[in-house]
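Each chain, letter by letter, is given below.
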Amino acid sequence: KQLWFVSDGDLALRQLRKDYFPTAIYFLDIWHLQDRLAGAMGDEVAAAELGGLMTLALNGKVDQIIERLAALWADQGDDDLRRGLLGDVITYIDSNREGITVYAKYGAQATGAIEKTMDVTVGRRLKAKGTSWHRPGAHRLLGLRVLKQNDRWHRYWEARRSRTPLTQVFAA
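The residue numbering used here restarts from 1 in each chain and proceeds along that chain's sequence as written. Side-chain atom pairs in this predicted model are given and counted only at pLDDT of 80 or more, local residue features only at pLDDT of at least 70, and totals for whole chains, interfaces and linings cover all residues. Side-chain descriptors were evaluated using all non-hydrogen atoms of the structure, hydrogens and water having been removed beforehand.

A.B. asks: Can you lay out the overall build of the protein chain for me, pointing to particular residues and giving the numbers?
C.D. replies: Each helix corresponds to a stretch of at least 4 residues labelled H or I by DSSP, and each strand to a stretch of at least 2 residues labelled E; elements are numbered beginning at the N terminus. If you tally the helices and strands in the protein chain, you get 11 helices and two strands. Taken from the N to the C terminus, the helices and strands of the protein chain come in the order β-α-β-α-α-α-α-α-α-α-α-α-α. Looking at the protein chain residue by residue over its 172 residues, the buried ones come to 30%. For the protein chain, the accessible surface area stands at approximately 11500 Å², while carbon and sulfur atoms represent 54% of it. For the exposure calls, accessible area comes from a 1.4 Å probe over protein chains only, and a residue counts as buried if that area is under 20% of its type's maximum, exposed if over 50%, partly exposed in between. Calculation of accessible area relied on Shrake-Rupley with a 1.4 Å probe; when residues are assessed, cover is drawn exclusively from the protein chains displayed.

A.B. asks: Which residues make up the pattern of salt bridges, and what values do they have?
C.D. replies: We count a salt bridge whenever a side-chain nitrogen from Lys or Arg sits within 4 Å of a carboxyl oxygen from Asp or Glu. Enumeration according to the criterion identifies four salt bridges in this entry. With a shortest N-O distance of 2.8 Å, Arg 97 and Asp 63 are connected by a salt bridge. Separated by 34 residues along the polypeptide, Arg 97 in helix α6 (residues 97-101) and Asp 63 in helix α4 (residues 62-74) bring together distant segments of the chain. On the basis of relative accessible area, Asp 63 is assigned to the partly exposed category, the value being 47%. Two residues, Arg 97 and Asp 94, come together in a salt bridge whose shortest N-O distance is 2.7 Å. Here Arg 97 falls in the partly exposed class, since its relative accessible area comes to 28%. A relative accessible area of 39% places Asp 94 in the partly exposed class.

A.B. asks: Tell me about the packing of aromatic side chains, and please be specific about residues and values.
C.D. replies: Here a Phe, Tyr or Trp ring, Trp counted by its six-membered ring, pairs with any other such ring whose centre lies within 6.5 Å, and the pair is stacked when the planes are under 30 degrees apart, edge-to-face when over 60, and tilted otherwise. If you walk through the whole model with that rule in mind, you get six aromatic pairs. Here the aromatic rings of Trp 4 and Phe 27 are separated by 4.7 Å at their centres, their planes lie at 45°, and the arrangement is tilted. Linking Trp 4 in strand β1 (residues 4-7) with Phe 27 in strand β2 (residues 25-28), this pair joins segments that are 23 residues apart in sequence. According to the relative accessible area criterion, Trp 4 is partly exposed, its value standing at 37%. Pairing Phe 27 with Tyr 106 gives two aromatic rings, centres 6.0 Å apart and planes at 70°, and the pair type is edge-to-face. Taken together, the residues span a long stretch of sequence, with Phe 27 in strand β2 and Tyr 106 in helix α7 (residues 103-106) at a distance of 79 residues. According to the relative accessible area criterion, Phe 27 is buried, its value standing at 0%. Residue classification places Tyr 106 among the partly exposed residues on the basis of a relative accessible area of 33%. In this structure an aromatic cluster arises from ring pairing among Trp 4, Phe 27 and Tyr 106. Taking the ring centre of Trp 73 as reference, the NZ or CZ of Arg 83 above it sits at 3.6 Å. Placement of a charge over a ring requires the Lys NZ or Arg CZ to be within 6 Å of the ring centre, with the centre-to-atom vector within 35 degrees of the ring normal.

A.B. asks: Describe a nonpolar patch on the surface, naming the residues involved and giving the relevant values.
C.D. replies: On the surface, Leu 3, Leu 16, Tyr 20 and Phe 21 cluster together into a nonpolar patch covering about 390 Å² of accessible area. The topology assignment puts Phe 21 in the loop between α1 (11-20) and β2. What makes a patch is a set of residues exposed beyond 30% relative accessible area and free of salt bridges, joined within 9 Å when like-charged and within 5 Å when nonpolar (Val, Leu, Ile, Met, Phe, Trp, Tyr).

A.B. asks: An account of the pairing of β1 is needed here, citing residue identities and associated values.
C.D. replies: Burial along β1 is one-sided: the face carrying Phe 5 and Ser 7 is buried and the face carrying Trp 4 and Val 6 is not. Note: two strands are recorded as paired if DSSP finds a minimum of 2 bridges between them. One ladder, built from four bridges, connects β1 with β2; its direction is parallel. What sits directly across from Trp 4, in β2, is Ile 25. Handedness of a crossover is defined as follows: orient the strands so they point away from the viewer, and if the path from the first strand over the helix to the second runs clockwise, the crossover is right-handed. In the classification by handedness, the crossover that spans β1, the intervening α1 and the parallel β2 is right-handed.

A.B. asks: Please give an account of the packing of helix α2 (residues 30-41) against helix α3 (residues 43-58) that cites residues and values.
C.D. replies: α3 packs onto α2 with a crossing angle of 145° between their chain directions and a minimal axis gap of 9 Å. Read as a crossing pair, α2 and α3 show a hand that is right-handed. Judged by residue contacts, Ile 30, Leu 33, Gln 34, Leu 37, Ala 38 and Met 41 of α2 engage Asp 43, Val 45, Ala 46, Glu 49, Leu 50, Leu 53, Met 54, Ala 57 and Leu 58 from α3. Throughout this entry, Asp, Glu, Lys and Arg are counted as charged residues, while Ala, Val, Leu, Ile, Met, Phe, Trp, Tyr, Cys and Pro are counted as nonpolar. The remaining residues, Gly among them, count as polar. Of the residues that constitute the contact of α2 with α3, the class distribution is 12 nonpolar, one polar and two charged. Orientation is described by lines fitted to C-alpha atoms, with helices fitted over the stretch in contact, and by angles between N-to-C directions that extend from 0 to 180 degrees. Working rule for handedness: look at the near helix, and if it is turned counterclockwise from the far one by less than a right angle, call the crossing left-handed; if clockwise, right-handed. Two residues form a contact once any of their heavy atoms are found within 4.5 Å.

Quick look at the structure:
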């Protein structure tokens, strides 16, 4: 089976893929790409340019995206803030070149379903009215939610009651 690795393009996640999933096909999450492009260009320019840039991305044409962004960068004149944002997004796209070129072969991928699952599984419980959490408590709660989601809840509590080592219970 072929493994796909979809991420927001963060350097640490790209490194994690290289270290632990070297054969996985890397995808830059399409939503994150679009969000970064729109943020760098600003509303007015994004309204005119974003559709064309996303079409280039879906066709895996990274060099053409960078060329168009470089032209926008040059057109900014003295607007150092906008030039900085465009420069950052050019670097982001170049760094995630591999994750964009695969769109042409496999189509764009996104992490929306994963992020929504995290919201439902963890976020809503941690954000409930009247609750406040510190990191250790939140991690403990998350561990219990993972047990429940992975259908290991009962085995976990049986092991706790019988004092059986958890490694032995989950190895079964």
